[in-house]
Amino acid sequence: ASFNNIKSDDFKPYLLKSSDKGKTWVSIASDLPDDEVVHTITQDPVKENLLFTGTEFGFYFSVDGGQHWVKLGSGLPDIAVRDIVIQEREKDLVIATFGRGFYIVDDYSPLRDITEEVIENEDAIIFPVKDALMYIRNGSGRYGTGAGYYQAKNPDFGATFTYYIKDVPKSLKSERLKKEKELFKEGQPIPQPTKEILDAEKYETGPYLIFTIKDMDGNIVRNIYKKPSIGISRLNWDFRYNSVSPVRLKDDKFDPMKTGGTSMRALPGKYTVELSMFHNGDITELAGPVGFNAVRLNNTSLPDPSPVASQEFYSNVSELWRVMAGTMNYRNELAEKTAFIQQALQTMVESSTEM
């Protein structure tokens, strides 16, 4: 139960728990801020120790029955949270604020698997993946309504991977700057970095995360790369294979975060996702594989009578396109080289016209 005594100029948080149907009560406000007036509290329907509370200045959760509270502040301003509702089927958390509208945490179920032991003992975790719904998105707007209609952002399309990273390796440059800062505080001389050190920092690749998605036969469907960050993060796979188009570089620079676009759609079925990290030329496996289901919505107007055959056809077409595109690129490269040779011969005083 939550109470507030704000009308008597008492801004303390009041959260109480009873285990004997109200005969006795104990406080579970614990480490909530002393001036954080509490408006509401909700208990998770699956994990009894997972609690959510709305206060005058934000929103908090606890995984240990109120012994320790953590503020959920990403994307949420410091505003009064007056009500909390849990959508049990979708595992979504909805909060109503005073003056700032509604906020939704899509699929908060990974919080059910967070414990102090897991956070301390695991370097990385991929939490259980919710069934991913497959459908064709409509990218067009509403005709004739202009800019007068309001449309909230939908949940991210595809399979959502929620993961935890305990620590991220430091880059060579950040380690050097840290040592220089310590030497400066101690009044010690700071060594000038050599050209070899600067070159190593300039051409260092990583660290970055690699999410490997495989089908039920163990074939790699997609590799997705992302910069690592400490804590809990999310990533989405849009049910697409890696692109087979020729590689194009922007400003002739290698970018480890780019995958070259996407290709054909994946079929419904069972998939797995694995997490690893690339750093200084080494790949370290961190977590997984974790299985999940890609499920098609049952509202297809003209269903494919043979999706497996269609997938094989698209695969063959993709391979044909890969070969043709590569051949055309190679032909263009030869034509460009030939043009340079012809132009060079044309500028020479003594040159043969025979090619």
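None of these values were measured; they are calculated from a predicted model.

> Is there a simple way to think about the sheet that holds strand β8 (residues 81-87) in this case?
Consider a sheet: its strands pair through backbone hydrogen bonds, and that pairing is either parallel or antiparallel. Taking strand neighbours across the sheet as the criterion, the three strands line up as β8-β9-β10 in an open arrangement whose pairing is antiparallel. The open sheet has two edge strands with one neighbour each: β8 and β10 (102-105). Pairs of neighbouring strands in the sheet enclose a mean axial angle of 20 degrees, with direction left out of account. Sheet analysis places β8 next to strand β9 (residues 92-97), joined by six bridges and oriented antiparallel. The residue bridging Q87 from the neighbouring strand is D92, located in β9.

> How should I be thinking about the sheet that holds strand β1 (residues 2-5) in this particular structure?
The strand order β1-β2-β3 describes an open sheet built from three strands, whose pairing is antiparallel. What marks the edges here is a single partner per strand, and that holds for β1 and β3 (26-27).

> Explain the layout of surface pockets to me, please; I cannot follow it from the model alone.
Gaps left between atoms are located by rolling a probe of water-molecule size over the structure's atoms. Approximately 690 Å³ is the volume attributed to the second largest pocket. For the second largest pocket, the lining is made up of 24 residues, of which M134, I136, R265, A266 and R296 are closest to its centre. Every element with two or more residues in the lining of the second largest pocket is listed here: β18 (262-265) and α4 (307-347). Partitioned by chemical class, the residues of the lining of the second largest pocket number 14 nonpolar, four polar and six charged.

> Could you clarify how one ought to interpret the environment of V46 in this entry?
Tracing the sequence through the fold places V46 in the loop between β4 (38-43) and β5 (51-55). A sequence separation of 177 residues divides V46 from N223, and the C-alpha atoms of the two residues are 33 Å apart.

> Honestly, the nonpolar core in this entry has me stumped. Any pointers?
In a soluble, globular protein the nonpolar side chains are often hidden away together inside. In terms of nonpolar packing, the biggest core is built from 30 residues, with F161, W237, V273, L275 and F292 touching the most fellow members. Setting aside chain neighbours within four positions, we find F161 in contact with V129, I213, S233, R234, L235, W237, V273 and F292. Membership of the second largest hydrophobic core comes to 17 residues, among which are L50, F52, I114 and F127.

> Just to check I follow, could you spell out the pattern of salt bridges for this structure?
A side chain of one charge can pair with a side chain of the opposite charge when the charged atoms of the two come close. Here the structure, examined in full by the defined rule, presents nine salt bridges. For D44, the salt bridge goes to R112, with nearest N and O atoms at 3.1 Å. You can see D44 sitting in the loop between β4 and β5 and its partner R112 sitting in the loop between β10 and α1 (116-121), a full 68 residues away along the chain. Neither residue differs from the other here; D44 and R112 are each classed as buried. When the shortest N-O distance is used, the salt bridge between K195 and D199 registers 2.7 Å. You can see K195 and its partner D199 sitting in helix α3 (residues 195-202), four residues apart, about one turn around the helix. Among the residues examined, K195 registers a relative accessible area of 59% and is labelled exposed. What emerges from the salt-bridge pattern is a single network uniting R89, E90 and K130.

> Would you explain a nonpolar patch on the surface in this entry?
Taken together, the side chains of L320, W321, M324 and M328 make up a nonpolar region of the molecular surface, amounting to roughly 420 Å² of accessible area. Secondary-structure assignment places L320 in helix α4.

> Would you explain the environment of A96 in this entry?
Mapped onto the elements of the fold, A96 is located in strand β9. Distance from A96 to D10, taken between C-alpha atoms, is 23 Å for residues 86 residues apart in sequence. Beyond its immediate chain neighbours, meaning those up to four positions away, A96 contacts A80, V81, R82, D83, G101 and F102.

> Explanation requested: the packing of aromatic side chains in the structure shown.
Both the distance between ring centres and the angle between the ring planes are used here to describe each pair of aromatic rings. Applying the stated rule across the entire model yields twelve aromatic pairs. Seen in terms of ring centroids, F52 and Y108 are 5.3 Å apart; in terms of plane orientation they differ by 85 degrees. Their pairing is edge-to-face. Of the two residues, F52 sits in strand β5 while Y108 sits in the loop between β10 and α1, which places them 56 residues apart along the sequence. Comparing F52 with Y108, the two get one shared label, buried. When the centroid spacing of 6.0 Å and the interplanar angle of 25 degrees are considered together, the rings of Y271 and F292 count as stacked. Of the two residues, Y271 sits in strand β19 (residues 269-279) while F292 sits in strand β20 (residues 282-296), which places them 21 residues apart along the sequence. The exposure class assigned to Y271 is buried, which follows from its relative accessible area of 6%. Among the aromatic residues, those joined into a ring-pair cluster are Y135, F157, F161, W237, F239, Y271 and F292.

> How should I be thinking about the environment of D304 in this particular structure?
Along the chain, D304 falls in the loop between β20 and α4. Note: C-alpha distance between D304 and Y108 (196 residues apart in sequence) is 34 Å.

Criteria and cut-off values
Residues numbered from 1 in each chain as written. Predicted model: local features only at pLDDT ≥ 70, side-chain atom pairs only at ≥ 80, totals over all residues. Heavy atoms only, no water. Pairing = 2+ DSSP bridges. Helix = DSSP H or I, 4+ residues; strand = E, 2+ residues; numbered from the N terminus. Axes fitted to C-alpha atoms, helices over the stretch in contact; angles between N-to-C directions. 1 Å grid on protein atoms, 1.4 Å probe; cavity = no way out; pocket = protein on both sides within 12 Å on 5 of 7 lines; lining within 4 Å. Points joined across faces, edges and corners; volume = space filled by probe spheres on them. Nonpolar A, V, L, I, M, F, W, Y, C, P; charged D, E, K, R; others polar. Core = buried A, V, L, I, M, F, W, Y, C linked by side-chain atoms within 4.5 Å. Buried < 20%, exposed > 50% of the residue type's maximum accessible area, 1.4 Å probe, protein only. Contact = heavy atoms within 4.5 Å. Salt bridge = Lys/Arg side-chain N within 4 Å of Asp/Glu carboxyl O. Patch = residues over 30% accessible without salt bridge, like charges linked within 9 Å, V, L, I, M, F, W, Y side chains within 5 Å. Areas by Shrake-Rupley, 256 points an atom, 1.4 Å probe, with all protein chains shown as cover. Phe/Tyr/Trp six-rings, centres within 6.5 Å; stacked < 30°, edge-to-face > 60°.

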